[in-house]
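# Remarks on the overall topology
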Amino acid sequence: MSSALPATTRLTHLRWLESESVHVLREVVATFERPVLLFSGGKDSIVLLRLAEKAFRPARFPFPLLHIDTGQNFVEAIEFRDRRVAELDERLLVASVQDSIDQGRVVEETGPRASRNRLQTTTLLDAIAEGRFDAAIGGARRDEERSRAKERILSFRDDFGQWDPKSQRPELWNLYNTQIHRGEHARVFPLSNWTELDVWEYIDAEDLEVPTIYFAHTRDVFVRDGMLYAYSEGQQLLPGETVARDTVRYRTVGDMTCTGGVRSTATTVAQIVDEIAATRITERGETRADDRAGEAAMEDRKRAGYF
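Right, let's walk through the structure included here.

This brings us to the sheet that holds strand 3 (residues 92–96). Across the sheet, 6 strands lie side by side as 3-2-1-4-6-5; this open sheet has mixed pairing. In this open sheet, the two strands that pair with only one neighbour each are strand 3 and strand 5 (154–157). Shown here is a sheet whose adjacent strand axes are inclined to one another by a mean of 30°, direction ignored. When strand 1 (residues 35–38) meets strand 4 (residues 135–137), the two strands line up parallel, connected through 3 bridges. Bridged to L37 within strand 4 is I137.

Residue placement: T123 occurs in helix 5 (residues 120–131). Ignoring anything within four residues of it in the chain, the contact list for T123 reads I68, A95, S96, V97 and S100.

With that settled, consider the pairing of strand 8 (residues 227–230). Burial along strand 8 is two-sided: the face carrying M227 and Y229 and the face carrying L228 and A230 are both buried. Note that strand 7 (residues 217–224) and strand 8 share 4 bridges and pair antiparallel. Counted as the bridge partner of V223 is L228 from strand 8. Connecting strand 7 to the next strand, strand 8, in antiparallel fashion are 2 residues, including D225 with a positive phi near 55°. With 2 bridges connecting them, strand 8 and strand 10 (residues 260–263) associate as antiparallel partners. Residue pairing across strands places Y229 opposite G260, the latter belonging to strand 10.

Calculation rules
- Residues numbered from 1 in each chain as written.
- Predicted model: local features only at pLDDT ≥ 70, side-chain atom pairs only at ≥ 80, totals over all residues.
- Heavy atoms only, no water.
- Pairing = 2+ DSSP bridges.
- Helix = DSSP H or I, 4+ residues; strand = E, 2+ residues; numbered from the N terminus.
- Axes fitted to C-alpha atoms, helices over the stretch in contact; angles between N-to-C directions.
- Contact = heavy atoms within 4.5 Å.
- Buried < 20%, exposed > 50% of the residue type's maximum accessible area, 1.4 Å probe, protein only.

Next up, the structure:
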């Protein structure tokens, strides 16, 4: 699956983005000793897998895949994750937040607003340390959220896994300074310059399969803080909250406890592209409660080691 194009071919914006991302993946493999690619079964990591295919096939990937599993993920995404990894015949490592709780590394929250989303940071840092990974490749994009817009393609973390937005390295002419000290590691974002619309247009152009949860479907939901949450058995509701059937789809498939759906009738990738092209609200701004905690909520988590 070569990404090479004839010299006379004029690159479309998607092929330009693809070329840049493939270059980043190859640079990471050439300069780091133990990279790992985060794969959750979500749309961005699905695109990363296709880019990795174009960068390294027919050989197997020169890195394992890693998923930080909160135990509260959407079933559709987990089933897709396992099936896609099996199809590619690649190695998947799963780090569990439940294991972090059982080991006393983190304390589980309780109550109707309890979430394991914030607990992922410890599980991620422990997995990186255990695997001795010096580069963790993920699907974050600059258009998602303000603090992510501050990051470079290579984002360096100290030996505590922390990020300092004031100590970032220049990236001129697609040249990357990959030198790190013992105990440090890099987070790598090959999709930094992509937008949500780019991702969906690429999925359409490459005819990539995505979990069914991204398409409009009917499910039990309840409204909280203006967001539509999926209801599951045992879910604690606040006074006045009721469960109803609605037709929704998900723009992002993170932890169920902080990820909302949007009302939609889009049942094809082309229809999703049309919806995204018309919206003026970012996916995290519309559907992620963890980003509504405050202006600097994401940046504070990233400083502590969040992806």
